[in-house]
Amino acid sequence: MDQIIYLVYLISFVMGSVAGLVLSYKKYKSPFGAQKIDVVALVLAVIGWVLAVNSQLLASLVPSYVSITIGVFLIAMVLGMRPGYGRYETVTGFAVAAVIWILRTVLT
């Protein structure tokens, strides 16, 4: 069963990367991003990293493999954007998820 779940994670990552690349080519015309943060990509990155890293927070509502699959898809959408876009959003999303994980680990 674990191999199937890993395959689902991999397929989710590939689909998210393709979706992010297609959407970013439609949204951005220049090949390299300016140093401004895209709010939509930031929200996707934060939600994705929180779902993937802190999947146990929602364990009472949905199984952890579902939240990880959705999180990996959202992370891949931001990582799969055109070159130069999505880097600051990814780092910010990971930092927020890491802080939540640390707080959850320390406080429980």
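Rules used in this analysis
Residues numbered from 1 in each chain as written. Predicted model: local features only at pLDDT ≥ 70, side-chain atom pairs only at ≥ 80, totals over all residues. Heavy atoms only, no water. Helix = DSSP H or I, 4+ residues; strand = E, 2+ residues; numbered from the N terminus. Buried < 20%, exposed > 50% of the residue type's maximum accessible area, 1.4 Å probe, protein only. Contact = heavy atoms within 4.5 Å. Areas by Shrake-Rupley, 256 points an atom, 1.4 Å probe, with all protein chains shown as cover. Phe/Tyr/Trp six-rings, centres within 6.5 Å; stacked < 30°, edge-to-face > 60°. Core = buried A, V, L, I, M, F, W, Y, C linked by side-chain atoms within 4.5 Å. Salt bridge = Lys/Arg side-chain N within 4 Å of Asp/Glu carboxyl O. Expected span 1.5 Å × (residues − 1).

(A) Layout of the overall build of the protein. A count of helical and extended segments in the protein gives four helices and zero strands. Dimensions of the protein, computed from C-alpha atoms along their principal axes, come out at roughly 45 × 30 × 20 Å. Counting over 108 residues, the protein shows a buried share of 36%. Across the protein, contacts joining residues at least 24 apart in sequence account for 79% of those joining residues at least 6 apart. Here the protein has roughly 6800 Å² of accessible surface; of this, 77% comes from carbon and sulfur atoms.

(B) Highlighting the packing of aromatic side chains. Tallied over the entire structure, the rule returns three aromatic pairs. Ring geometry for W49 and F94: centres 5.0 Å apart, planes at 75°, overall edge-to-face. Here W49 is found in helix α2 (residues 39-53), whereas its partner F94 is found in helix α4 (residues 87-107), with 45 residues between them in sequence. The exposure class of W49 is buried, given its relative accessible area of 19%.

(C) Expanded view of the side chain of T69. Mapped onto the elements, T69 comes out in helix α3 (residues 64-79). Apart from the residues lying within four places of it in its own chain, the contact partners of T69 are V8, Y9 and S12.

(D) Fine view of the nonpolar core. Y28, A41, A45, W49, V50, A52, I75, V78, M81, Y85 and A97 form the largest nonpolar core, which has eleven residues in total. For this core, the secondary structure elements donating two or more residues are α2 and α3. Sequence-distant contacts of V50, that is, excluding residues within four places in its chain, are made with S55, V96, A97 and I100.

(E) The environment of I100, seen in detail. Tracing the chain through its elements places I100 in helix α4. Along the chain, I100 and P83 lie 17 residues apart, while their C-alpha atoms are 28 Å from each other.

(F) Structural detail: the pattern of salt bridges. Enumeration over the complete set of coordinates arrives at one salt bridge. Between D38 and K27 there is a salt bridge, with its nearest N and O atoms 2.9 Å apart. One end of the pair, D38, is in the loop between α1 (2-27) and α2; the other, K27, is in helix α1, with eleven residues separating them in the sequence.

(G) Looking closely at α2. Between the first and last C-alpha of α2 there are 21 Å, a value that for 15 residues agrees with the 21 Å anticipated at 1.5 Å per step. Here α2 has its buried residues at A41, A45, G48, W49, V50, L51 and A52. If you follow the buried residues of α2, they end up packed against α3 and α4.

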